[in-house]
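Spelled out from the first residue to the last, the chains are:
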Amino acid sequence: QVQLVESGGGLVQPGGSLRLSCAASGDTFSIGTMDWYRQAPGKQRELVATITSGGSTNYPSSVKGRFTISRDNAKNTMYLQMNSLKPEDTAVYYCHAYTRTQTYWGQGTQVTVSS
């Protein structure tokens, strides 16, 4: 079993920055690829960033160049650095992890971009 806990969300003005963290516990040795997803009110959950166990990353065009995903395997923690935030980035952000047999989700952290 793997447990994921997000932190770092909050209220930020347009153009500002936030860094989200996702702390993993439990059978962390089994974790492979990890992702950040987000879900805005009334919308489907969407993929924001992906990082493999080897550190390869991928982003959709909506956040590419503004968001950076990283992970510290020694600390069992994944990060999402979000810069140049826009009101349309407002959503609940979820941490997601794959093992060979299961996927796991965190509880989410709210990010609100508003003046």
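Residues numbered from 1 in each chain as written. Predicted model: local features only at pLDDT ≥ 70, side-chain atom pairs only at ≥ 80, totals over all residues. Heavy atoms only, no water.

Draft legend 1. Spotlight on the pattern of salt bridges. One pass over the full model with this rule turns up three salt bridges. The shortest N-O distance in the salt bridge between Arg38 and Asp89 comes to 2.9 Å. Here the residue Arg38 occupies a position in strand E4 (residues 34–39), and Asp89 occupies one in the loop between strand E8 (77–82) and strand E9 (91–98), the gap between them amounting to 51 residues. Classification of Asp89 by relative accessible area gives buried; the value is 1%. Across the salt bridge formed by Arg66 and Asp89, the nearest N and O atoms sit 2.8 Å from each other. Residue Arg66 is found in the loop between strand E6 (57–58) and strand E7 (67–72), and its partner Asp89 is found in the loop between E8 and E9; the two are separated by 23 residues along the sequence. In this structure, Arg66 and Asp89 share a single accessibility class: buried. By sharing partners, the salt bridges in this structure join Arg38, Glu46, Arg66 and Asp89 into a single network. (Salt bridge = Lys/Arg side-chain N within 4 Å of Asp/Glu carboxyl O. Helix = DSSP H or I, 4+ residues; strand = E, 2+ residues; numbered from the N terminus. Buried < 20%, exposed > 50% of the residue type's maximum accessible area, 1.4 Å probe, protein only.)

Draft legend 2. Looking closely at the packing of aromatic side chains. Under the counting rule described, the total for this entry stands at two aromatic pairs. Ring geometry for Tyr94 versus Trp105: centroids 6.4 Å apart, planes at 85 degrees, classification edge-to-face. You can see Tyr94 sitting in strand E9 and its partner Trp105 sitting in strand E10 (residues 103–105), a full eleven residues away along the chain. Across the ring face of Tyr94, the terminal group of Arg45 is positioned such that the distance to the ring centre comes to 3.7 Å. (Phe/Tyr/Trp six-rings, centres within 6.5 Å; stacked < 30°, edge-to-face > 60°. Lys NZ or Arg CZ within 6 Å of the ring centre and 35° of its normal.)

Draft legend 3. Representation of the state of the cysteines within the structure. Taken as a whole, this structure holds one disulfide when the rule is applied. Here Cys22 engages in a disulfide with Cys95; their sulfurs sit 1.9 Å apart. Disulfide Cys22-Cys95: torsion about the S-S bond near -65 degrees, hence left-handed. Of this pair, Cys22 sits in strand E3 (residues 18–26) while Cys95 sits in strand E9, placing them 73 residues apart in sequence. For the pair Cys22 and Cys95, one class covers both residues: buried. (Disulfide = S-S within 2.5 Å.)

So, to be careful, I would describe these as geometric facts and stop short of saying anything about function.
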